[in-house]
Structures are given as structure tokens and as C-alpha cells.
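Here is how the chains run, residue by residue.
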Amino acid sequence: MTTLIRRQPRGLFPEIFDWLEAPLAGFGPAIRFEDYIKDGRYVLLAELPGIDPDKDLEITLTDGVLAIHAERHHEDSGAHHTEFRYGALTRSVVLPPGADPKDVKAVYDKGLLEISVKLDDAKNAGIRIPVGKSRTTK
């Protein structure tokens, strides 16, 4: 049986909706990500270019909410100019039912953060509800 994940329709202009996720989010840095379920694991891929994961990245899991916090510090200096970019990036995701907080893995490579969480099929199965043929009224 296929596991369903609640998705919000994005329509023709997905970036506009990304900007509206938080007040003034379109004017500041945001963590873009995609998520899916593969081989019994919930997988989240987040774009985080230009950070040092050892110093600038923090991932926490509290009450089924996965939070990613990163800080970017980058400076380019030339003979006659200096260019810099910096800022804090934060994004939280509610994990699907059945996520095992004791089996979480995170890997950062070439600007891409991959977090995977094992899903317990027993908790994720749900309950089947029988449907009767007629409704009784009093």
C-alpha cells in the first residue's frame, strides 16, 4: 500500500507561494526543500549552499517537528571592492505519523542537506472503518 503525504497544490507559480510562507520571506533568505518517502524512510532534501555544516548548521527534533537552522557568512574581497552575504536560515517541518525519532540520519554534501527518518509501518497503517448500508434515525 502506498503511503500518502499531505501536499499543498503549488499551481503555476510555486515560487510566489514560497515567498508567502512567512511574512516578507520573499525579501530574505529561505531554505528551499523537497520531501518524499523512499524505502520506508521519510527523506528531506534542503538546499544550503555556502555553509560549513560543522560550524553553521543545527538540526533538532522536538515533538515530531524537525527544525533546521543555518547561518551563512561569506565575503569576497578584490582590489577595489568587497562583497559579502550573511544571514540566518530557519525552516521547520512536521514529520509524518510513524516517524522514529531514534533513527534520524543527516548528511551534508556540496550544498545539499539530506535528512532521513525511519517510518514505522505499524504506526503508519491507520485504522479501517467499516461502512454500513443504511442509516437509522430515531
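These remarks concern the structure in this document.

Definitions and cut-offs
Residues numbered from 1 in each chain as written. Predicted model: local features only at pLDDT ≥ 70, side-chain atom pairs only at ≥ 80, totals over all residues. Heavy atoms only, no water. Helix = DSSP H or I, 4+ residues; strand = E, 2+ residues; numbered from the N terminus. Polar contact = N/O pair within 3.5 Å; in protein donor to acceptor, adjacent residues only side chain to side chain. Pairing = 2+ DSSP bridges. Axes fitted to C-alpha atoms, helices over the stretch in contact; angles between N-to-C directions.

**A few points about the side chain of aspartate 35**
Then comes step 1: Within the secondary structure, aspartate 35 is located in strand β1 (residues 33–38).
Then comes step 2: Within the structure, aspartate 35 has its side chain in polar contact with the side chain of tyrosine 42 (distance 2.9 Å).

**Some thoughts on the sheet that holds strand β3 (residues 57–62)**
Then comes step 1: Ordered in space as β3-β4-β5, the three strands form an open sheet in which the pairing is antiparallel. This sheet does not close on itself; its edge strands, each paired only once, are β3 and β5 (82–94). Across this sheet, the average inter-strand angle for adjacent strands is 10 degrees, counted without regard to direction.
Then comes step 2: Summarising the sheet, strand β4 (residues 65–77) and β5 pair through 13 bridges and their orientation is antiparallel. Along β5, the bridge assignment pairs alanine 67 with serine 92.

**Topic: the sheet that holds strand β7 (residues 112–119)**
Then comes step 1: Taken in spatial order, the four strands of this open sheet run β1-β2-β7-β6, and their pairing is antiparallel. Both edges of this open sheet fall to β1 and β6 (99–109), since each of them pairs with a single strand only. The average undirected angle you get between the axes of adjacent strands in this sheet is 20 degrees.
Then comes step 2: As judged from the seven bridges shared by β6 and β7, these two strands associate in the antiparallel manner. Following the sheet pairing, aspartate 109 is matched in β7 by leucine 112.

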